[in-house]
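Here is how the chains run, residue by residue.
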Amino acid sequence: MKQWKQMLVFSVAFAVILGGSYGMVMGGLINHKVKVVNTTDEDCGVFLYYGSAPIENKWLRIPAHQSGTFETGSKCPRFLNVGCAYPTSYTEDKCHRCTLGNDGWVDTCTATCWSSDWYIRAKSGGGVELTKE
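Bear in mind that the values here come from a model prediction, so they are computed numbers and not experimental data.

Draft legend 1. Representation of the sheet that holds strand S4 (residues 67-71) within the structure. Spatially, the 4 strands line up as an open sheet ordered S4-S1-S7-S8, and their pairing is mixed. One side of each edge strand has no neighbouring strand; the edge strands of this open sheet are S4 and strand S8 (128-132). Strand-to-strand, the axes of this sheet are offset by a mean angle of 20°, without reference to chain direction. As paired strands, strand S1 (residues 33-38) and strand S7 (residues 116-122) are joined by 5 bridges and run parallel to one another. By the bridge assignment, Val34 is partnered in S7 with Ser116.

Written out as structure tokens, the structure is:
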């Protein structure tokens, strides 16, 4: 009978700890951040896609030689899509990348449940690229 009571106390304590941890995660302790630094001479528009079912997105305009940071809370980043303005269309130079670092598209990228830093760089032959540091 004593073992049964000890198991009950242990189970209740474990459930309380687990439930408290889940509450803290959902309460905002996890906040994934994706920082994007624009090293080009042009303004760039950046979409970050994050989460799953449904996949959500946020947009930032990042002026030349400045940075912007997306915050997604507990939802995991998955895809970046960049267009740089010549002068204001955001359609001339485009690039995209999965936040894992590989090529892909929104629905084929794996969500990455960590923060990351990215750089928009001008390519020597024209256009832009996204690099992860």
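Draft legend 2. Focus on the state of the cysteines. Scanning all chains against the criterion turns up 3 disulfides. Across the disulfide, Cys76 is cross-linked to Cys113 (sulfur-sulfur distance 1.9 Å). With the S-S dihedral at roughly 100°, the linkage between Cys76 and Cys113 falls on the right-handed side. With Cys76 in the loop between S4 and strand S5 (77-84) and Cys113 in the loop between strand S6 (93-98) and S7, the pair connects residues that are 37 residues apart, well separated along the chain. Note on Cys113: relative accessible area 45%, which makes it partly exposed.

Draft legend 3. The arrangement of the nonpolar core in detail. If you look at the biggest cluster of nonpolar residues, it comprises 15 residues, and the most contacted ones within it are Val36, Val46, Leu80, Val82 and Ile120. Formed by 5 residues, the second largest nonpolar core is a distinct cluster that contains Phe79, Cys98, Val106 and Cys109.

Definitions and cut-offs
Each chain carries its own residue numbering, running from 1 in the direction its sequence is written. Thresholds applied to this predicted model are a pLDDT of at least 70 for local features of residues and 80 or more for the giving and counting of side-chain atom pairs; totals over whole chains, interfaces and linings are not thresholded and use all residues. As a convention, hydrogens and water are excluded, and side-chain values are obtained from all of the structure's heavy atoms. By the convention used here, strands pair only if DSSP detects at least 2 bridges between them. Runs of E in the DSSP output that reach at least two residues are strands. Runs of H or I that reach at least four are helices, and both are numbered from the N terminus. Only the contacting stretch of a helix is used when fitting its axis, a line to C-alpha atoms as for every element, and angles between N-to-C directions run 0 to 180 degrees. To count as a disulfide, a pair of cysteine sulfur atoms needs to be within 2.5 Å. Note on classification: 1.4 Å probe, protein chains only; a residue is buried when its accessible area is under 20% of the maximum for its type, exposed when over 50%, partly exposed between these limits. Working definition of a nonpolar core: buried Ala, Val, Leu, Ile, Met, Phe, Trp, Tyr and Cys residues. They are joined through side-chain atoms within 4.5 Å.

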